Amino acid sequence: MYKPFQKYLEQALSDNFELTSKAIPEGLDRNVSERGRNPATIQSWCYESPEMRKMRYTYIDAGDSAQVFNGVLYPKPCYGAPVLGIDFLSFNKKKILVVLDFQPLFRDEEYTAKYVEPMREMYERYDDLAQNLGMKFYDANQYFSKYLLFAKTDEETVASRVLPAFQDYVQSYFAMIKQAEPNHDPAAMARIVQAQKDYDQYSAERDPAHGLFTSYFGAEWADRFLYEFLFEDAVQLAASH
Ligand code: BLA
């Protein structure tokens, strides 16, 4: 269901960046589960470029039971730009949830004016996908912009509305990165390194997918996938799960 999104992202990545593959730890790049109603395949891809330190995305294909396309793109520490966050989910073709955002690393006024306000015009073209749904797992005021797209929707709207919105957000994100001025001041870079680490820590601790990964692939694989690949800069606390 989200394969056209993945294809679009792959084309846009290779059109815009000089990509190098980034290794995915042994055993985490792909897995197949026979535990559910339908066999589930999970596969991940990861790249870097001169501007971006990690660009990863994952597809879960469990037929009608689950279709998931998830990804995060992290700029290098000389760029303070937000990370691009993608989370598109479909369960039993009934529960369809889409989340897409330039996820801000800081909340001060200067940062918001520079990186968040410019999203507004684009956001307003897709206000039907901004449904102000409450969040159960995350805090909407941390690492989400006020221009995130977050909707419960249906298969037809995914094709007719979410795909164009995705294309628009991706193009705009890439344009922002390509015109950004790098800042190599060590203190500024250290602050960004820390902010991206904090993002990983926050995300790993709250990830609503841990249960899903565990049910398909077991707790040990789920923990490794979360802490060694998805959010590898997070530190796993003892007995956190
Ligand atoms: C919600 N994301 C969810 C849910 C799942 C995932 C299972 C809960 C759906 C529900 O039952 O309500 C799935 N998360 C995943 C998967 C991966 C993952 C499969 O990390 C990894 C492969 N989540 C992100 C990113 C964003 C994000 C990058 O990983 C930002 C765009 C957002 N996911 C997000 C939000 C919700 C969500 C806002 C709703 C959570 C809430 O209600 O608090």
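Before going into details, it helps to say that this report is about the structure given with it. Predicted, not measured: the structure shown is a model, and the values here were computed from it.

Looking only at helices and strands, the protein has 7 helices and 8 strands in total. For the C-alpha atoms alone, the extent of the protein along its principal axes is close to 50 × 40 × 35 Å. Here the protein, with 241 residues, has 50% of them falling under the buried criterion.

Below, the discussion takes up the site of the ligand. Around the ligand sit 26 residues in total, of which D87, K95, K136, F137 and D207 are the nearest. The separation between an oxygen atom of the ligand and a polar side-chain atom of D207 is 2.6 Å. Coverage of the ligand by the protein amounts to 94% of the 860 Å² it exposes when considered alone. Those elements that place two or more of their residues in the shell around the ligand are β5 (66–75), β6 (83–91) and β7 (95–103). Its residues assigned to classes, the shell around the ligand comprises 17 nonpolar, 5 polar and 4 charged.

Our next topic: the pattern of salt bridges. Across all of its chains, the model carries 9 salt bridges by this definition. K54 is the salt-bridge partner of E232, the closest N and O atoms lying 2.7 Å from each other. With E232 in the segment after α7 (219–230) and K54 in strand β4 (residues 52–62), this residue pair connects regions lying 178 residues apart in the sequence. Between K93 and E155 there is a salt bridge whose closest N-O contact spans 3.4 Å. With K93 in the loop between β6 and β7 and E155 in helix α4 (residues 155–179), this pair connects stretches of sequence that are 62 residues apart. Judged by relative accessible area, which is 42%, K93 ranks as partly exposed.

On to the packing of aromatic side chains, then. The tally for this structure, following the rule as stated, stands at 28 aromatic pairs. Here the aromatic rings of F102 and Y173 are separated by 5.2 Å at their centres, their planes lie at 70°, and the arrangement is edge-to-face. Here F102 is found in strand β7, whereas its partner Y173 is found in helix α4, with 71 residues between them in sequence. On the basis of an interplanar angle of 70° and a centroid distance of 5.6 Å, the ring pair of Y138 and F144 is categorised as edge-to-face. Grouping aromatic residues by their ring pairs yields a cluster made of Y2, F5, Y8, W45, Y47, Y57, Y59, F69, F88 and F166. Residue placement shows R53 over the ring face of Y74; its charged tip is 4.6 Å from the ring centre. Taking NZ or CZ as reference, R191 lies 3.9 Å from the ring centre of F106, over its face.

Before going further, it helps to spend a moment on the nonpolar core. By size, the foremost hydrophobic cluster in this structure holds 84 residues, and its most contacted members are F69 and F88. With 11 residues, the single largest contributor to this core is α4. Leave out the neighbours within four places in its chain, and F69 touches Y2, F5, Q6, L9, Y57, T58, Y59, I86, D87, F88 and F166.

Turning next to unusual backbone geometry. Most peptide bonds are trans, and most residues other than glycine sit at a negative phi. A positive phi is found at N132, a non-glycine position, where the angle reads about 50°. Looking at where N132 falls in the secondary structure, it is placed in the loop between α3 (120–124) and β8 (149–153). With relative accessibility at 78%, the residue N132 sits in the exposed group. Here the phi dihedral of Y143 falls at roughly 65°; this positive angle occurs in a residue that is not glycine. Along the polypeptide, Y143 turns up in the loop between α3 and β8.

With that settled, consider the pairing of β4. With 10 of 11 residues buried, β4 lies mostly within the body of the structure. Where strand β3 (residues 40–48) and β4 come together, 7 bridges link them in antiparallel fashion. Note that in β4 the partner of W45 across the bridge is Y57. From the end of β3 to the start of β4, which pair antiparallel, there are 3 residues. Looking at chain direction, β4 and β5 are connected through 10 bridges and run antiparallel. Bridge assignment links M55 to a residue of β5, and that residue is L73. The loop that links β4 with its antiparallel partner β5 comprises 3 residues; one of these, G63, has a positive phi angle of about 60°.

Formally, a disulfide is one covalent bond, and it connects the sulfur atom of one cysteine to the sulfur atom of another. Applying the stated rule across the entire model yields 0 disulfides. For C46, which is in no disulfide, the shortest distance to another cysteine sulfur is to C78 and amounts to 18 Å. Residue class for C46 comes out buried when judged on its relative accessible area of 5%.

About the cut-offs
Residues numbered from 1 in each chain as written. Predicted model: local features only at pLDDT ≥ 70, side-chain atom pairs only at ≥ 80, totals over all residues. Heavy atoms only, no water. Helix = DSSP H or I, 4+ residues; strand = E, 2+ residues; numbered from the N terminus. Buried < 20%, exposed > 50% of the residue type's maximum accessible area, 1.4 Å probe, protein only. Near = heavy atom within 4 Å. Polar contact = N/O pair within 3.5 Å; in protein donor to acceptor, adjacent residues only side chain to side chain. Areas by Shrake-Rupley, 256 points an atom, 1.4 Å probe, with all protein chains shown as cover. Nonpolar A, V, L, I, M, F, W, Y, C, P; charged D, E, K, R; others polar. Salt bridge = Lys/Arg side-chain N within 4 Å of Asp/Glu carboxyl O. Phe/Tyr/Trp six-rings, centres within 6.5 Å; stacked < 30°, edge-to-face > 60°. Lys NZ or Arg CZ within 6 Å of the ring centre and 35° of its normal. Core = buried A, V, L, I, M, F, W, Y, C linked by side-chain atoms within 4.5 Å. Contact = heavy atoms within 4.5 Å. Pairing = 2+ DSSP bridges. Disulfide = S-S within 2.5 Å.

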